[in-house]
Amino acid sequence: MMNSKQSWTFTLIVVGVVFILNLFSRNLFVRFDLTENQRYSISDVTRDILEDIDDPITVKVYYSENFPRQLISVKQYVLDMLNEYRAYAGSGLEYEFIPITGEDQALEQEAMGYGIQPVQANITESDEIKVQRIYLGIVFLYGDQKEVIPFAQQIEQLEYDMTGAIKKLSQGSLPKVGWLTGHGEQGLGEEGVARAMGEIQKNYELIEIGLSSEAQIPLDINTLIMAGSTAPFDDQDLYKLDQYLLRGGHVGVFLNTKIIDMQNQYMPVQDNGSNIFTFLEHYGVRFGRQLLLDKDCYQVQAMQNLGFLQIPVAVDYPYAPRVTNLDQNNPVVNRLKELGFFFVNELTPTGDTSDVSFSSLMNTSDKTGFAMPDPRTRMINISAAQQVPDYMYREGSKTISAVIEGEYASWFGSVRPDSISFPETHLAQSIAPTAMITVGNATFTTKQFMVPASLTFFLNAVDWLHDQNGLISIRSKNVQPAQLEEMTSGTRVTLKWINILLAPFLIILFGVIRWYIRNKSKSLAGV
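Residues numbered from 1 in each chain as written. Predicted model: local features only at pLDDT ≥ 70, side-chain atom pairs only at ≥ 80, totals over all residues. Heavy atoms only, no water.

J.: Hey, could you go over a nonpolar patch on the surface for me, with residue numbers and the actual values?
T.: Together, Leu 495, Ile 498, Leu 502, Phe 505, Leu 506, Ile 508, Leu 509, Val 512, Ile 513, Trp 515, Tyr 516 and Ile 517 make up an exposed nonpolar region whose accessible area comes to about 1,200 Å². Positionally, Ile 513 belongs in helix H10 (residues 489-525). (Patch = residues over 30% accessible without salt bridge, like charges linked within 9 Å, V, L, I, M, F, W, Y side chains within 5 Å. Areas by Shrake-Rupley, 256 points an atom, 1.4 Å probe, with all protein chains shown as cover. Salt bridge = Lys/Arg side-chain N within 4 Å of Asp/Glu carboxyl O. Helix = DSSP H or I, 4+ residues; strand = E, 2+ residues; numbered from the N terminus.)

In structure tokens:
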């Protein structure tokens, strides 16, 4: 046996080893995350941003001390994320959790002064529903600057919001994104695009660019959004776009070759006569002139006659494809399960493919067709109440969004036309590769037709165009519990009986083995 001196020596060695391991662990952070998409680990982009912090950033988390147990996992997730952030940022980030009891009015005023507002939540306790004011806001402080997450409710987007806030503070200014107007597009002040604009402006300075009033697209803008153009472009405007692309500018092109007017019962679908489509064919993409129908589609409400009454009924709407064929190699869509668009056109590649790549980003299902006008009225019927026969879905899968990358020759040739004035030297060839994300749809950027997944796609597209390896890699991590797979009734019955019988069987088996071992031991002992 170990004597007293040896015991003390062993104890001191163990304590010393633990002490040394603790010293090393202060600068060593290891975490194993076996979930899909690494949903509980911060991304490499976040780590790089945290490691590049020059001056320390202070993070304050204001939370209700009496936090509802139904939401306690959200609070714990915020704490875990901040622990991991500090592990990589070191002295560049400090945080504190500040409980709000409801009795300290000065503390509530302090939180509200930062822009944190309480949220009213219905909490179930003891079979009663109570209304409770909840605080869970995060403030990032950097010198005299601040960024605020008023309420950390969407934990699937928490890393994106937190890293974006830290990036804005450490960079000092927001990168600029141009929003093209003047050719039928909605302006930034219009209600229809307000939601999309608000989300983009969290991480970018959005600049409205009217080509007719600009000498050129500003040199400090490397990302331009062209959404819903319907009017012709004159040569001066096309030249500004041409030179922007040749200098390596990136563009999100969201267009329809049809103009949809739901309020016009006589001509709800009209041709988009803009010459921008001819211009874009030079740059590698052709927009189909027909609307697509897809048997795999979303449902909309349609009025149905029931005697003297009309009632709303959910019906399939083939003009709203349910898009699940997404490019799993592209971060713009590889974390999305499906997308929905109202009224789409096919996209096909054009021109020389040796210098320009056309990569399909999403496709309709294999039961796709073209919307055909009525032979008598020459109108396309987009009514939700109509019945579309199955023989219409015979065209196969169609590309409705693509990434185009490469280098080009100028649309205007080797020499600038004399009729065009421009402040810079004429570019006859690309001096840097350009990138475009194209979608045969413009309605998804507007309030009337925007759905949550399409908004995520839009924001992803802007992120990718601005910085292909930037914040897009951390947007919308899926932190929801994995869904159980469907199983047959036979499998369910089998598993049910396994659950019922397995535990008793194991207990009986353990008893039999124990009985056998005891009898064997007695036999060997001669008892």
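Once the structure has been displayed, the description carries forward.
J.: Tell me about the sheet that holds strand S1 (residues 57-64), residues and numbers included.
T.: The strand order S2-S1-S5-S6 describes an open sheet built from 4 strands, whose pairing is mixed. Pairing within the sheet leaves two strands with one partner each, and these edge strands are strand S2 (93-100) and strand S6 (145-149). Recorded for the sheet is a direction-independent mean angle of 20 degrees between the axes of neighbouring strands. Two strands pair when backbone bridges link them, and strand S5 (residues 136-142) and S6 are joined in this way by 5 bridges, in the antiparallel orientation. Paired with Val 139 across the two strands is Val 148, which belongs to S6. Of the strands in this sheet, S1, S2 and S5 touch helix H3 (residues 72-89), which is tilted by about 160 degrees from S2. (Pairing = 2+ DSSP bridges. Axes fitted to C-alpha atoms, helices over the stretch in contact; angles between N-to-C directions. Contact = heavy atoms within 4.5 Å.)

J.: I'd like to hear about the packing of helix H2 (residues 44-51) against H3, residue by residue, with values.
T.: Look at H2 against H3: their axes get within 8 Å of each other, and the N-to-C directions meet at 55 degrees. It follows from the interaxial angle that H2 and H3 lie oblique. Both H2 and H3 take part in a crossing whose hand is right-handed. Touching Thr 46, Arg 47, Leu 50 and Glu 51 of H2 are Tyr 85, Tyr 88 and Ala 89, all from H3. Across the contact of H2 with H3, the residue classes break down as 4 nonpolar, 1 polar and 2 charged. (Parallel < 35°, antiparallel > 145°, perpendicular 65-115°, else oblique. Left-handed = near helix turned anticlockwise from the far one by under 90°. Nonpolar A, V, L, I, M, F, W, Y, C, P; charged D, E, K, R; others polar.)

J.: I'd like to hear about the pairing of strand S21 (residues 399-406), residue by residue, with values.
T.: Working note: regular strand, side chains alternate between the two faces of the sheet. Where burial is concerned, most of S21 is hidden: 7 out of the 8 residues are buried. Alignment of strand S19 (residues 356-363) against S21, held across 7 bridges, turns out to be antiparallel. Bridge pairing links Met 362 to Ser 401 in S21. When S21 meets strand S22 (residues 434-439), the two strands line up antiparallel, connected through 6 bridges. Bridged to Ile 404 within S22 is Met 436. (Buried < 20%, exposed > 50% of the residue type's maximum accessible area, 1.4 Å probe, protein only.)

Without other data, these values stay purely geometric and don't point to any function.
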